[in-house]
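Secondary and tertiary structure notes
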Amino acid sequence: MPDDATQIRTLITEWAEAVHRGDIEGVLAGHTEDLVMYDVPPPHAGLHGLAAYRATWPPFFAWQAQGARFDIDSLDITAGTDVAYAHALLRCGTPEDLAAYPALRLRLTFGLRKERGRWLVAHEHHSFPHD
């Protein structure tokens, strides 16, 4: 059986691939029912629960279908016995966005917990830096 960090890396990599494909069930897989997410667009107080999380994705998928990228650039993981966190940088944008701002990266932070031997995302935070 893969170690915890490898399991978490696989979970996050598969999540990012599902986002890129526009696969909502793949995006939701591996998340807790009581998920909390802070995202780039409002609401700035965050979203609570898997149903609210699900509702955020269709507009993103529509935007992404115009040719945008969603590619992990780096991913770091720290795993304890039953709690872990990970942070990643992604290239997220249209070809025009990425050409105009080649160093710009979407920042992601994940809080995970292990339930019945399986890692699940319980907290997700997306942000872009402000200059």
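Quick note: structure is the one above.
Basis of the calculations
Residues numbered from 1 in each chain as written. Predicted model: local features only at pLDDT ≥ 70, side-chain atom pairs only at ≥ 80, totals over all residues. Heavy atoms only, no water. Helix = DSSP H or I, 4+ residues; strand = E, 2+ residues; numbered from the N terminus. Rg over C-alpha atoms; globule rule 2.2 N^0.38 Å. Buried < 20%, exposed > 50% of the residue type's maximum accessible area, 1.4 Å probe, protein only. Areas by Shrake-Rupley, 256 points an atom, 1.4 Å probe, with all protein chains shown as cover. Core = buried A, V, L, I, M, F, W, Y, C linked by side-chain atoms within 4.5 Å. Contact = heavy atoms within 4.5 Å. Salt bridge = Lys/Arg side-chain N within 4 Å of Asp/Glu carboxyl O. Phe/Tyr/Trp six-rings, centres within 6.5 Å; stacked < 30°, edge-to-face > 60°.

1. A closer look at the overall build of the protein
Secondary structure assignment for the protein yields four helices and six strands. Secondary structure elements of the protein occur, N-terminal to C-terminal, as α-α-β-β-α-β-β-α-β-β. Radius of gyration (C-alpha) of the protein: 15 Å, near the 14 Å computed for a compact globule of 131 residues. Along the three orthogonal principal directions, the C-alpha set of the protein runs to about 45 × 30 × 30 Å. Counting the 131 residues in the protein, one finds 39% classified as buried. As presented, the protein carries roughly 7300 Å² of accessible surface, and 57% of it is formed by carbon and sulfur atoms.

2. Quick look at the nonpolar core
Within the largest apolar cluster, 31 residues are counted, with the highest numbers of intra-cluster contacts made by W15, V27, Y53, W57, F70, F110 and L112. It is helix 1 (residues 4–21) that provides the largest number of residues to this core, a total of seven residues. The contacts of F70, once residues within four sequence positions are left out, are W15, A16, V19, H20, F60, Q64, L90, R91, C92 and L106.

3. Brief notes about the pattern of salt bridges
Side chains that differ in sign of charge can pair as their charged atoms come close. For the structure shown, the criterion picks out seven salt bridges. With its nearest N and O atoms 2.8 Å apart, the salt bridge here joins D4 to K114. One end of the pair, D4, is in helix 1; the other, K114, is in strand 5 (residues 106–115), and 110 residues separate them in sequence. Each of the salt bridges in this network shares a partner with another, and the network as a whole consists of D34, R113 and E115.

4. Observations concerning the packing of aromatic side chains
The full count for this structure, using the stated rule, is eight aromatic pairs. Look at W15 and F110: their rings are 5.3 Å apart centre to centre, the planes differ by 85°, and that puts the pair in the edge-to-face class. Here W15 is found in helix 1, whereas its partner F110 is found in strand 5, with 95 residues between them in sequence. The two residues W15 and F110 agree in class, both being buried. When the ring of W57 is compared with that of F60, the centres are 5.5 Å apart and the planes differ by 90°; the resulting orientation is edge-to-face. With a gap of three residues between them, W57 and F60 both fall in helix 3 (residues 50–64), about one helical turn apart. W57 sits in the buried class, given a relative accessible area of 4%. Each member of the aromatic cluster is reached from another via a ring pair, and the members are W15, Y53, W57, F60, F61, W63, F70 and F110.

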